[in-house]
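Residues per chain are reported as follows:
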Amino acid sequence: MTTAPALIELLNDEVDSLELAELTTAQIEPVADVAAPAAVPAKVLLEDVDPSELIFTRNVRKAELTPDFVGSIKENGLYQPIIATPHEDGIAIILGNRRAKGSIEAGRTVDVIVRNDLSAEEARIIAQLIENMHREDMRESEIANAYAQLSIELGLDADQIATRVAQDPKRVRASIALAAMPKTARSAVDDGALTLEDAELIAEFEGDPKAYKRLLDTIERGGKLDWALKNERRKAATAVLRQEATQTLKAAGVRMVGEPYGFSWKGSKEVGLDRLADADGVVLTPESHKSCPGNAAFFDESASGDLKATFLCRDPHQYGHQVSGSYSFLSPAEKAAKAAAEQADRERREALAIAEEIRHEFIQELCRSKKVPKGMTKRVLGMLYTLGSDETSPEALAFLKAPGADDRSARYGRFIGRMAEARLPLALLATVAVGGERAVRKAVSGWGDKPTAVAWFEFLTAYGYELNEPEVELLAELRAKIAEAEARAAAKAAEEAARQAAAEAEEDEEECEDEYEEEDEEAPELLAEDQAHEGQEAAPNGHLAVVMGNDPEDRDDEDSAEQAEEAEELDWEARYPEINEPVAA
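Residues numbered from 1 in each chain as written. Predicted model: local features only at pLDDT ≥ 70, side-chain atom pairs only at ≥ 80, totals over all residues. Heavy atoms only, no water.

### Some words on the overall build of the chain
Turning to step 1, where the next piece is worked out: For the chain, the helix and strand inventory stands at 22 helices and 10 strands.
Turning to step 2, where the next piece is worked out: Counting over 585 residues, the chain shows a buried share of 32%.
Turning to step 3, where the next piece is worked out: Long-range pairs, those at least 24 residues apart, make up 68% of the contacts in the chain between residues at least 6 apart in sequence.
Turning to step 4, where the next piece is worked out: Summed over all atoms, the accessible surface of the chain reaches about 36100 Å², with 52% contributed by carbon and sulfur. (Helix = DSSP H or I, 4+ residues; strand = E, 2+ residues; numbered from the N terminus. Buried < 20%, exposed > 50% of the residue type's maximum accessible area, 1.4 Å probe, protein only. Contact = heavy atoms within 4.5 Å. Areas by Shrake-Rupley, 256 points an atom, 1.4 Å probe, with all protein chains shown as cover.)

Shown next as structure tokens:
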């Protein structure tokens, strides 16, 4: 017994659409009349046809058969005929693929209406669409596939398809666009995560494969499509501006290139015009650099704001430009020169390392001398304040050849405890030598206190050490650098003195101007005072000076006496000859 749901499913499968009514209400004649020469009827009814003899066409929906559906057909047969059209191999189904398959399963024959007024493919797709697209479970991707069939296989445009199936042309266009999208996008529309309108917007970028893929990736990872669309539109607008600007620049003779690798961190051979000047030091501009063979430009896509071209020279050194700031790029010749310089430096360091071994042997011999060389104690004490003392250094113990593997401080104390008191300055020499050798190593590396390294070399040569060739070169180099530093310091001091003198002169000039202004203000008062004293008899100057104790002659005698007394006080050695005698301990 067939259940009620199965009957409903069968009735629903026989959708009573307008197109289906047109297909089934036309005049129907027996199949024998089809061969009549007068005219071929539009529709012909074939009864009790074996459904397995029919040609099944590709349906827009998968023909799914359920047991209840097949049982209903087996018990009741079909309520409506199969719609078909003549085919070169027989009769092809237009509507009813699912019902025909169900009838085969049920072992029932079917009635068939043969349409002679439609092409098989067009009739099949349109009829199947009309039959199925109003089903609630009909997915958007299935409708899109049907529209795509009509568009691709039959050459119908969106408006023609919309007219045939009575749908909005805009929606048909969106469905066709969806059919061309990957499964990710079609599934997103079927699931409701993406609308047909969104699919149509994405279709705008089909001509840009990279942008199209980025949008599909946004859908797949669940990103915000509206933001991604705006971003892609911005990129597209920028691309248009870039193309227009590129054409303008090319017309002006500017070569357009991509952004050179390392340009942003000044590591490329190419350099921007903002860092370039010609041989005379004049800063280059796009106009003045136009004639240079290395003239080029690129668009910085990462820069904010409007699209702007960055002008550059592709090889500043080759074309004789001056580069400001750092320029780490090296030409092949420069690389070779740098490699040669590095090799020479390595050889120099190796030679100095060998010289250091020889120097250390000399220091060991000096520290193991039978007696302290003349004047060494005083010089070692003087260098102590410059170099310091490090008795715990392994080098100091090596210079003394102090054996043992215990604590270095204990070893040093034990060693000097066995030394004669007269030779103790040699132990101090070993500790000072550690600082001298450190100063030399720092000087070799290009930093450190150069005068200290020079002083240490001079100390060693004073006690019989003969400099090796690399040491001679190093010493000359250090002295030259010291002289340069002193010259710079002297020039700076002279510049500062000149500046100070100019400032003092300006200050004196301002003070003189102030004094002149004060004199001009006092002049009327002095003139009035002079006029008040006119006619009065002046007192004799000599008597006035004597009365006031200011007699010039007496003043001269007093000055002479004071000067003699000062001279006598300053001549200490004449007055106290014993000052030069040594002081007894």
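### Structural notes on the sheet that holds strand β8 (residues 295-299)
Turning to step 1, where the next piece is worked out: Ordered by their spatial adjacency, four strands build an open sheet running β5-β8-β9-β6, and the pairing between neighbours is mixed. The open sheet has two edge strands, β5 (255-256) and β6 (271-272), and neither has a second partner.
Turning to step 2, where the next piece is worked out: The sheet contacts of helix α12 (residues 225-251) involve β5, β8 and β9 (309-313), and relative to β8 the element is tilted by about 175 degrees. (Pairing = 2+ DSSP bridges. Axes fitted to C-alpha atoms, helices over the stretch in contact; angles between N-to-C directions.)

### Comments concerning the packing of helix α13 (residues 332-367) against helix α17 (residues 424-445)
Turning to step 1, where the next piece is worked out: Taken N-terminus to C-terminus, the directions of α13 and α17 make an angle of 170 degrees; their axes are 11 Å apart at the nearest point. When the axis of α13 is compared with that of α17, the two are roughly antiparallel. Across from Arg348, Arg349, Leu352, Glu356, Arg359, His360, Ile363, Leu366 and Cys367 in α13, the residues of α17 making contact are Leu426, Leu429, Ala430, Ala433, Glu437, Val440, Arg441, Val444 and Ser445.
Turning to step 2, where the next piece is worked out: Across the contact of α13 with α17, the residue classes tally to 10 nonpolar, two polar and six charged. (Parallel < 35°, antiparallel > 145°, perpendicular 65-115°, else oblique. Nonpolar A, V, L, I, M, F, W, Y, C, P; charged D, E, K, R; others polar.)

### Observations concerning the pattern of salt bridges
Turning to step 1, where the next piece is worked out: Applying the stated rule across the entire model yields 16 salt bridges.
Turning to step 2, where the next piece is worked out: The salt bridge involving Glu496 is made with Arg499; its shortest N-O contact spans 2.4 Å. Here Arg499 and Glu496 lie together in helix α19 (residues 469-532), a separation of three residues that amounts to about one turn.
Turning to step 3, where the next piece is worked out: Glu496 sits in the partly exposed class, given a relative accessible area of 39%.
Turning to step 4, where the next piece is worked out: Within the structure, one salt-bridge network assembled from shared partners comprises Asp345, Arg348, Arg349, Glu477 and Lys481. (Salt bridge = Lys/Arg side-chain N within 4 Å of Asp/Glu carboxyl O.)

### Describing the environment of Leu273
Turning to step 1, where the next piece is worked out: Within the element layout of this structure, Leu273 appears in the loop between β6 and β7 (276-277).
Turning to step 2, where the next piece is worked out: By relative accessible area, Leu273 is classed as buried at 4%.
Turning to step 3, where the next piece is worked out: Along the backbone, Leu273 and Leu312 are 39 residues apart, and their C-alpha atoms lie at a distance of 5.1 Å.

### Considerations on the sheet that holds strand β2 (residues 82-87)
Turning to step 1, where the next piece is worked out: As summarised here, the arrangement of the four strands in space is β1-β4-β2-β3, forming an open sheet in which the pairing is mixed. At either end of the open sheet lies a strand with only one pairing partner, and these are β1 (43-49) and β3 (90-95). Shown here is a sheet whose adjacent strand axes are inclined to one another by a mean of 35 degrees, direction ignored.
Turning to step 2, where the next piece is worked out: Alignment of β2 against β3, held across five bridges, turns out to be antiparallel. Looking at β3, one finds that Thr85 is bridged to Ala92.
Turning to step 3, where the next piece is worked out: The strands touched by helix α4 (residues 97-106) are β2, β3 and β4 (110-115); relative to β3, the strand with the most contacts, the crossing angle is about 120 degrees.

### Some remarks on the side chain of Glu232
Turning to step 1, where the next piece is worked out: The residue Glu232 is located in helix α12 in this model.
Turning to step 2, where the next piece is worked out: On the basis of relative accessible area, Glu232 is assigned to the buried category, the value being 4%.

### Notes on α4
Turning to step 1, where the next piece is worked out: The buried count for α4 comes to seven of 10 residues, which makes it a mostly enclosed element.
Turning to step 2, where the next piece is worked out: Along α4, the residues classified as buried are Asn97, Arg98, Arg99, Ala100, Gly102, Ser103 and Ala106.
Turning to step 3, where the next piece is worked out: One or two steps after α4, the chain reaches Gly107, where phi turns positive at roughly 75 degrees.

### Considering the nonpolar core
Turning to step 1, where the next piece is worked out: Core analysis: the largest hydrophobic core is formed by 41 residues, its most contacted members being Met376, Leu429, Trp456 and Phe459.
Turning to step 2, where the next piece is worked out: If you list the elements that add at least two residues to this core, you get α13, α14 (376-387), α15 (394-400), α16 (408-418), α17, α18 (450-462) and α19.
Turning to step 3, where the next piece is worked out: Of all the elements, α17 adds the most residues to this core, at 11 residues.
Turning to step 4, where the next piece is worked out: Each residue touching Phe459, except ones within four places of it in the same chain, is listed here: Met376, Arg379, Val380, Met383 and Leu429.
Turning to step 5, where the next piece is worked out: Counting residues in each nonpolar core, the second largest holds 24 residues, with Ala174, Leu178, Ala203 and Leu225 among its members. (Core = buried A, V, L, I, M, F, W, Y, C linked by side-chain atoms within 4.5 Å.)

That's the geometry; what it means functionally is another story.
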